[in-house]
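Here is what each chain is made of, one letter per residue.
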Amino acid sequence: LSEVFGAATLDTDRLLRTLGIMRAAQAQWDRMDPADQALINAYARGINAFHAQSRQALPPEFHVLDVKPGEWTALDSMGWAIMMALDLGGNWGNEFARLSVLQHIGTPQLWQLMPAYPGEAPATSLDLAQLYRGLGLYKSAGSAPAATTRTTALSADPSTLTETLRARLAADTVAWAQGLGHVEGKGSNNWVVAGGRTVSGKPLLANDPHLGLSAPAIWYFARLKAPAAAGRPALDVIGATLPGMPGVVLGRTAGVAWGFTNTGPDVQDLYLEQIRPDQPDEYRTPQGWAAFATRDEVIRVKGQPDEALKV
């Protein structure tokens, strides 16, 4: 992004380079079935052929930013699929929110504030508040970075919280709900009406995926047709595709229709790493201290020198 927008988007580029989106894309590509690789390569060639041959005007954002389309590769498609997974998997925010609110309330109250799915038990029977405090995770502003245990007694009863703690808890919870985590009740919808209840006698499918609004839009409607070939039936499918992905995500053929919703599953985990106090480039493992693996990334920035980033 910073190659186009300048320093304003450096934080986003640093984050995505640190997560290693394209490294993950390469790893997936190396394990992909050759037939699927051929499909994605053909899709990428089609994009590049269009830009090489078309006299159609580019979308306005290219003119506003004074940039031209680059060469699309199969890895770009793989990376975009991973970005979609990152966008739809937000439970890391839930984990961070639990860690934050346990500064102020006890574990029983945590499971009242953030209950398990109906019919399920809490994720763990551990006293998380006691565990985190024992590890010295909650330090007051200006305290030394030593791994000291917090000894301040916090009541498990929210009614005895001080007004300052109550205000901080409310602010933290609102901030989390606005952007850090998956918010219950905000998800997608889909449903089917049986053929016995329709005029045509055939079932009806409705699908409303609640993805975030964006410009350009995240959906691209297309129809894909191909004649029958040796060992392969004819193809005729229409529906919503994701730009950059060679397939119809939501759509129909002559005989089948399908939709897609996201369940908000637990697909992400956060880890606490202990850094060696006198050697910040080492962390604790079960076998002792070990050096972090590092790699160097270069981020091109419009209007200023490249940034070297050590991950």
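Residue positions are given per chain, counted from 1 along the sequence in the order it is written. Predicted model: local features are reported for residues with pLDDT of at least 70 only, side-chain atom pairs are reported and counted for 80 or more only, and whole-chain, interface and lining totals are derived from all residues. Where side-chain values are given, they derive from all heavy atoms of the structure, hydrogens and water being excluded.

### Digging into the overall build of the protein chain
Stated formally: Helix numbering and strand numbering both begin at the N terminus, where a helix is a DSSP run of H or I of at least 4 residues and a strand a DSSP run of E of at least 2. Only protein chains enter the accessibility calculation, which uses a 1.4 Å probe; a residue whose area is less than 20% of its type maximum is buried, one above 50% is exposed, and one in between is partly exposed. Contacts are assigned to residue pairs with any non-hydrogen atoms lying within 4.5 Å of each other. Here, Shrake-Rupley sampling with a 1.4 Å probe gives the accessible areas, and only protein chains in the shown set may cover a residue.
When helices and strands are counted, the protein chain shows 10 helices and 11 strands. Across the 311 residues that make up the protein chain, the buried fraction comes to 22%. For the protein chain, contacts bridging at least 24 residues in sequence account for 48% of all contacts bridging at least 6. For the protein chain, the computed accessible surface area is about 21,500 Å², with 58% contributed by carbon and sulfur atoms.

### A look at the pairing of strand β11 (residues 304-310)
Looking along a regular strand, one sees side chains alternate from face to face of the sheet. Convention followed: In short, DSSP must find at least two bridges between two strands for them to pair.
In this structure, strand β10 (residues 296-301) lies alongside β11, joined through 5 bridges in antiparallel fashion. Bridge pairing links V301 to Q304 in β11. The antiparallel pairing of β10 with β11 creates a hairpin that spans 2 residues between the two strands, and G303 there sits at a positive phi of about 80 degrees.

### Let's talk about the packing of helix α4 (residues 34-53) against helix α6 (residues 74-88)
The cut-off we apply is this: Whenever a helix is involved, its axis is fitted only over the stretch in contact; in every case the axis is a line through C-alpha atoms, and angles between N-to-C directions fall within 0 to 180 degrees. Comment on the angle field: the value is read as roughly parallel under 35 degrees, roughly antiparallel over 145, roughly perpendicular from 65 to 115, and oblique elsewhere. We call Asp, Glu, Lys and Arg charged. Ala, Val, Leu, Ile, Met, Phe, Trp, Tyr, Cys and Pro are nonpolar, and the rest, Gly among them, are polar.
For the pair α4 and α6, interaxial distance at closest approach is 8 Å and the crossing angle is 105 degrees. By the criterion of interaxial angle, the relationship of α4 to α6 is roughly perpendicular. Residues I40, N41, Y43 and A44 of α4 pack against A74, S77 and M78 of α6. When the residues that make up the contact of α4 with α6 are grouped by side-chain class, the tally is 5 nonpolar, 2 polar and no charged.

### Looking at the nonpolar core
The condition that has to hold: Each nonpolar core is a collection of buried residues, namely Ala, Val, Leu, Ile, Met, Phe, Trp, Tyr and Cys, held together in the definition by side-chain atoms within 4.5 Å.
Of all hydrophobic cores here, the largest spans 11 residues; its members are A97, V101, L102, I105, L110, W111, M114, L128, A129, Y132 and Y138. At the level of elements, α7 (91-101), α8 (107-113) and α9 (128-134) are the ones that each hand at least two residues to this core. When residues in this core are grouped by element, the largest group, 3 residues, is from α9. By size, the runner-up hydrophobic cluster in this structure holds 7 residues, among which are I21, A25, M78 and I82.

### Some remarks on the sheet that holds strand β5 (residues 248-252)
Strand order in the open sheet formed by 4 strands is β3-β4-β5-β6, with antiparallel pairing between adjacent strands. The open sheet has two edge strands with one neighbour each: β3 (220-226) and β6 (257-258). Sheet analysis places strand β4 (residues 235-241) next to β5, joined by 4 bridges and oriented antiparallel. Along β5, the bridge assignment pairs T241 with V248.

### Some words on the side chain of E95
The test is simple: His residues and chain termini do not enter the charge count, which takes Lys and Arg as positive and Asp and Glu as negative. The salt bridge criterion pairs a side-chain nitrogen of Lys or Arg with a carboxyl oxygen of Asp or Glu, the two atoms within 4 Å. Polar contacts here mean pairs of N or O atoms no more than 3.5 Å apart (in protein, one a potential hydrogen donor and the other a potential acceptor; neighbouring residues in sequence count only if both atoms are side-chain atoms).
Relative to the helices and strands, E95 resides in helix α7. The side chain of E95 is buried and forms no salt bridge, while R98, the nearest opposite charge, is found at 4.5 Å. Of note is the side chain of E95, whose polar atom sits 3.2 Å from the backbone nitrogen of L270. For E95, the residues in contact, after removing those within four places along its chain, are D266, Q268, D269 and L270.

### Topic: unusual backbone geometry
Of note, D66 is a non-glycine position whose phi angle comes to about 55 degrees, a positive value. One can find D66 in the loop between α5 (60-65) and α6.

### Considerations on the confidence of the model for the protein chain
Filter applied, for reference: pLDDT expresses how confident the predictor is about each individual residue, on a scale running from 0 to 100.
Residues of the protein chain with pLDDT of at least 70 account for 85%, and the chain-wide mean is 85. Low pLDDT, under 50, characterises residues 141-156; the predicted model gives this stretch 18 contacts beyond four residues in sequence or across chains.

### Focus on the packing of helix α3 (residues 21-30) against α6
Stated formally: The sense of a crossing depends on the near helix, which, turned anticlockwise from the far helix by less than a right angle, makes the crossing left-handed and, turned clockwise, makes it right-handed.
Their axes nearest at 8 Å, the elements α3 and α6 cross at an angle of 115 degrees. Here α6 runs roughly perpendicular to α3, going by the angle between their axes. The hand of the α3/α6 crossing is right-handed. Here I21, M22, A24, A25, Q26, Q28 and W29 of α3 lie close against α6, whose contacting residues are A74, L75, D76, M78, G79, I82, M83 and L86. Broken down by class, the residue content of the contact of α3 with α6 amounts to 11 nonpolar, 3 polar and 1 charged.

### Topic: the sheet that holds strand β9 (residues 288-291)
Whether parallel or antiparallel, the strands of a sheet pair through hydrogen bonds between backbone atoms. Reading across the sheet, the 3 strands line up as β7-β8-β9 and stay open at both edges, with antiparallel pairing between neighbours. Across the chains shown, the open sheet's two edge strands, defined by having one partner strand only, are β7 (275-276) and β9. Relative to β9, strand β8 (residues 279-285) runs antiparallel, the two being bridged by 4 bridges. Directly across from T285, in β9, lies its bridge partner G288.

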